[in-house]
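Here is what each chain is made of, one letter per residue.
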Amino acid sequence: MTRHELKEQLQHDHFTDAVSEAVAYALSNRKILIRWIVVAVLVLGLAGGALWFAAYNRSIRQQALAAALQVIDTPVGASSQAPNSYPTQEAKQQAEIKVLSDMVAKYGGTREGLIAQYYLGTVKVERKNPKGAESDLRRVADAKSEFAPLAKIALAQLYAGENRVAEARALLQSIANKPSDLVSKAQADILLAQLYLTTNPQEAKKILRSLKTPTQRPAVSRAVDQLSAQLTK
């Protein structure tokens, strides 16, 4: 290829032509381009603002949850180590229900709201309010949250206390079938075996035998030994 032919090809190179067309368009449509650039900047600014606003709201929810958990951690009776305390368990439970109910009403459905609703359900169990407890725990158990297994365990314990064994078993089995970071399969199996102790001892033995492995965690092995000892009584 001669120098002249190479020059001719470069003059009609597709990339060069495209750049030239883009520059020509920019010069002839300067106002339109500036308008779109401004719009793009605004969109990016709004997106950044939305992220900041979401983070800000999350921090507010976390502060509210921390305040609620502080109420839960406050002791009952006079304590030399704690500056604040509740005179009775009844007074503490009333304070817990109020602060947790406020959290659920304001932040229901959020991660922090679901944590508050789980605690609210457990407090209602303590106060012999099974219907209220079931409603709160069921909402958390049905939510797509990492705390759903904990709510299922609390519900299973509630159902077992009401002799609703089939419902309790279904909840625990669902956890065993799909373990999580908070509740492992071994932990769910231990709870199932505990449920079967009086209703189906043979099934309890079967589950406990499956958990007796050389690589089993010490805490699980101790729980297996304790439940096995109860079966032999």
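Residues numbered from 1 in each chain as written. Predicted model: local features only at pLDDT ≥ 70, side-chain atom pairs only at ≥ 80, totals over all residues. Heavy atoms only, no water.

Enquirer: What exactly am I supposed to notice about the overall build of the protein chain here?
Expert: Counting its regular elements, the protein chain contains eleven helices and zero strands. Each helix and strand of the protein chain, placed in order from N terminus to C terminus, yields the pattern α-α-α-α-α-α-α-α-α-α-α. Considering only intrachain contacts with a sequence separation of at least 6, the fraction spanning at least 24 residues in the protein chain is 42%. Carbon and sulfur atoms form 58% of the exposed surface of the protein chain, whose accessible area is close to 15,500 Å². (Helix = DSSP H or I, 4+ residues; strand = E, 2+ residues; numbered from the N terminus. Contact = heavy atoms within 4.5 Å. Areas by Shrake-Rupley, 256 points an atom, 1.4 Å probe, with all protein chains shown as cover.)

Enquirer: Honestly, the pattern of salt bridges in this entry has me stumped. Any pointers?
Expert: Opposite charge on two side chains allows them to pair when their charged atoms are near. Evaluation of the coordinates by the stated rule reveals twelve salt bridges. The partner of R127 in a salt bridge is E90, with the nearest N and O atoms 3.2 Å apart. Linking R127 in the loop between helix 5 (111–126) and helix 6 (130–142) with E90 in helix 4 (residues 89–107), this pair joins segments that are 37 residues apart in sequence. The structure contains a network of salt bridges with shared partners spanning E134, E162, R164 and E167. (Salt bridge = Lys/Arg side-chain N within 4 Å of Asp/Glu carboxyl O.)

Enquirer: For this particular structure, what's the right way to read unusual backbone geometry?
Expert: Backbone phi values are negative for most residues with the exception of glycine, while trans is the configuration of most peptide bonds. One non-glycine residue with positive phi stands out, namely K128, at about 60°. Along the chain, K128 turns up in the loop between helix 5 and helix 6. You can call K128 exposed: its relative accessible area is 72%. The phi dihedral of N163 falls on the positive side, at around 65°, and the residue is not glycine. (Buried < 20%, exposed > 50% of the residue type's maximum accessible area, 1.4 Å probe, protein only.)

Enquirer: Any chance you could explain the nonpolar core here in plain terms?
Expert: Taken as a class, soluble globular proteins show a tendency for nonpolar side chains to be buried jointly. One finds L100, L155, L172, I190 and L208 to be the most contacted residues of the largest nonpolar core, which totals 50 residues. Examining the composition of this core, we find that nine residues originate from one element, helix 9 (residues 185–199), more than from any other. Excluding its chain neighbours within four sequence positions, the residues that come into contact with I190 are L208, L211, V220, A223, V224 and L227. (Core = buried A, V, L, I, M, F, W, Y, C linked by side-chain atoms within 4.5 Å.)

Enquirer: Which parts of the structure should I look at to understand the confidence of the model for the protein chain?
Expert: Fine structural detail should not be taken from predicted coordinates in areas where pLDDT scores are low. In the predicted model, the protein chain carries a mean pLDDT of 80, and the fraction of residues at 70 or more is 74%. Here residues 1–30 is modelled with pLDDT under 50, and outside its nearest four sequence neighbours on either side it reaches seven contacts, counting other chains as well. (pLDDT = per-residue confidence, 0-100.)

Enquirer: What should I look at first to understand the side chain of E96 in this one?
Expert: Structurally, E96 can be placed in helix 4. Discounting chain neighbours no more than four positions away, the residues touching E96 are V71, I72 and V123.

Enquirer: Looking at this model, I keep getting lost on the packing of helix 4 against helix 5. Mind explaining?
Expert: The relative placement of two packed helices is expressed as an angle between their axes plus a distance between the axes. At a minimum axis separation of 9 Å, helix 4 and helix 5 run at an interaxial angle of 150°. Judged by the angle between their axes, helix 4 and helix 5 are roughly antiparallel. Between helix 4 and helix 5 lies a crossing whose hand is left-handed. Residue-level contacts link Q89, Q93, E96, I97, L100, S101, M103, V104 and Y107 of helix 4 to E112, G113, A116, Q117, Y119, L120, V123 and E126 of helix 5. (Axes fitted to C-alpha atoms, helices over the stretch in contact; angles between N-to-C directions. Parallel < 35°, antiparallel > 145°, perpendicular 65-115°, else oblique. Left-handed = near helix turned anticlockwise from the far one by under 90°.)

Enquirer: What's the story with the packing of helix 10 (residues 201–211) against helix 11 (residues 218–231) in this structure? I'm lost.
Expert: As a packed pair, helix 10 and helix 11 sit with axes 10 Å apart at the nearest point and diverge in direction by 150°. Between helix 10 and helix 11, the crossing angle belongs to the class labelled roughly antiparallel. Note on packing geometry: the crossing formed by helix 10 with helix 11 is left-handed. Contacts between helix 10 and helix 11 involve P201, A204, K205, L208 and L211 on the former and, on the latter, V224, L227, S228 and L231.

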